[in-house]
Each structure stands twice: as C-alpha cells, then as structure tokens.
Amino acid sequence: MALLGKAALAMWWDMAPAARADFEHWHAHEHFPERLGIPGFRRASRWRAADGGEGVFVLYELEDHGVLSSPAYLARLNAPTPWSTRLMPQHRAMVRSQCRVLESRGGATAGHLLALRLSPAAGAHERLRAALGTLAAECVLQPGLAGLHLLRHETPAIAQTAEQQLRGAGDRHADWVLLACGYDEAAVTALWQGPLADAGLMAMGAAGAAQRSRYQLAYAALPADVADVAHVAERQPD
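A quick note: this is a predicted structure, and the numbers were derived from the prediction, not measured. (Residues numbered from 1 in each chain as written. Predicted model: local features only at pLDDT ≥ 70, side-chain atom pairs only at ≥ 80, totals over all residues. Heavy atoms only, no water.)

Participant: Give me the side chain of arginine 167: which residues, what numbers.
Facilitator: Mapped onto the fold, arginine 167 is located in the loop between helix 5 (162-166) and strand 7 (176-182). Not counting chain neighbours up to four residues away, the residues in contact with arginine 167 comprise Met88, His91, Met94 and Arg96. (Helix = DSSP H or I, 4+ residues; strand = E, 2+ residues; numbered from the N terminus. Contact = heavy atoms within 4.5 Å.)

Participant: Which residues make up the nonpolar core, and what values do they have?
Facilitator: Counting residues in hydrophobic clusters, the biggest one holds 27 residues, and the most contacted among them are Trp13, Phe41, Tyr60 and Leu62. Secondary structure elements with two or more residues in this core: strand 1 (7-14), helix 1 (17-36), strand 2 (41-49), strand 3 (55-62), helix 2 (71-77) and helix 3 (82-87). If one sorts the elements of this core by residue count, helix 1 sits on top with five residues. In contact with leucine 62, not counting residues within four places along its chain, are Leu4, Gly5, Lys6, Ala7, Ala8, Leu9, Gly40, Phe41, Arg42, Val67 and Leu68. Counting 23 residues, the second-largest nonpolar core is a separate cluster that includes Leu132, Leu148, Val188 and Ala206. (Core = buried A, V, L, I, M, F, W, Y, C linked by side-chain atoms within 4.5 Å. Buried < 20%, exposed > 50% of the residue type's maximum accessible area, 1.4 Å probe, protein only.)

Participant: Requested: an account of helix 6 (residues 185-193), with residues and values cited.
Facilitator: Among all positions of helix 6, only Ala187, Val188, Thr189 and Leu191 are buried. Contacts made by the buried residues of helix 6 are with strand 5 (112-118), helix 4 (125-139), strand 6 (145-153), strand 7 and strand 8 (211-221). Where helix 6 begins, the side chain of aspartate 184 points an oxygen toward the backbone nitrogen of alanine 186, at a separation of 3.2 Å. (Polar contact = N/O pair within 3.5 Å; in protein donor to acceptor, adjacent residues only side chain to side chain.)

Dropping the structure here:
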C-alpha cells in the first residue's frame with residue numbers, strides 16, 4: 001500500500017492572501033510537528049492551488065481509522081494553541097473527510113496532484129471501487145504519473161471539537177476522495193481530461209459530476225523529520 005497506513009484525513013479550504021505567510025509558517029513549524037507527534041500519524045503533506053488561488057489541500061496519512069478518535073488526537077483538537085486559535089477562523093469553506101483507504105498504488109507526494117470528490121451511484125459501490133483499482137494499477141506505469149489513491153469518508157463517533165468551533169462548526173465532508181499525483185503536470189491534466197472526466201467516472205459507477213481541484217506540493221514531512229522541532233514561539237510583528 002503506497003499511502004502510509006489504512007486511513008487518511010483529507011482536507012480542503014481557502015486561505016486569504018493576507019493570512020497566507022502566517023499560515024504557512026504556523027502550519028510547517030507548529031502544526032505539522034504537533035500532529036506528527038500524535039501516535040498513528042505517519043505522514044503529512046500540504047498542497048497549494050495550481051492556479052495560484054486561495055485553495056489549500058492537506059493530507060494526513062494514518063495508521064488506522066481509530067487514530068481519528070484516539071485520546072491523544074482528541075486532546076490536541078480540544079486544546080488549540082494560541083497560534084492555532086488565531087488561524088483556525090481563517091480556514092474558510094472547510095471540507096474535512098475522515099477516511100478509510102480503499103485503494104492505493106504508487107507514490108503519494110509527487111509535484112502535481114489532482115484531487116476529486118465524488119460518490120458512487122446507488123448499488124455501484126463495488127463496481128466503482130474495482131474500476132478505480134484497475135485504473136490505479138495502470139497509472140503507476142504511465143509516463144508522468146506516480147500514483148492513484150481512493151479514500152472513503154467514515155465519520156468517527158466523537159463530539160464536536162474546540163477546533164471545529166473556532167472554524168464556525170460548519171465543516172463539510174467529501175463522500176469518496178480520489179487523489180492522482182504525478183511528476184509531470186501535463187500527464188496529470190490528461191488523466192483529468194481522459195479516464196477521470198465525468199463521462200469516464202460515471203461509466204465506472206460514479207453518481208454525477210465530480211468536484212476537481214489541482215494542486216502543487218508545498219511541503220511534506222514524516223514524524224522523524226520534525227521530531228527535533230520544538231513548538232516555535234509565535235513571531236509577532238514589530
């Protein structure tokens with residue numbers, strides 16, 4: 001399995017340009033070390049919108065789905081730092097999917113990413129999963145492509161957290177998440193316009209049109225990469 005674990009947390013949001021520099025500093029130097037210090041968090045990656053817009057995509061790869069309701073994770077969600085408290089309200093239009101990994105082939109942190117949100121048609125769950133699994137096996141061998149990964153949202157049985165309340169308690173989620181990554185932007189675009197176009201997905205068993213976004217890798221880390229990084233003090237402007 002290419003993703004590092006059997007579960008993942010996939011998130012989309014918009015970040016205003018005025019808050020971007022502060023957000024990226026916090027996210028790399030406080031938030032990633034904090035999250036990757038939680039047992040079961042195995043890799044984190046942040047991606048920026050390929051069109052230069054406000055969009056952000058973040059993926060946490062997890063040992064298993066139980067990590068999402070673990071006492072260590074809930075303790076962090078319910079005790080945000082002062083820096084987190086200031087920045088969480090800046091996470092606009094949050095989509096947060098707590099997922100099990102259904103299929104995973106190839107790399108997960110290449111330079112270019114296509115992220116899709118979709119749902120299976122009634123009675124087509126297994127057909128769509130099988131078709132996307134076959135496509136994933138083919139993608140890892142194609143020039144310019146690195147991997148394809150299919151996730152399915154499953155809400156853990158936990159109460160609303162302090163971080164969700166800071167964001168206005170309006171988080172949405174994607175049903176299924178499909179991630180295609182590659183080292184060549186044109187190859188990823190061709191996948192979008194070819195097998196992963198709406199006609200192709202619906203032929204496989206998807207229900208209606210998918211929501212698509214393209215991203216470029218901004219930063220990725222493993223727990224060992226940030227093990228020596230203490231939570232940095234917030235740098236206030238002079």
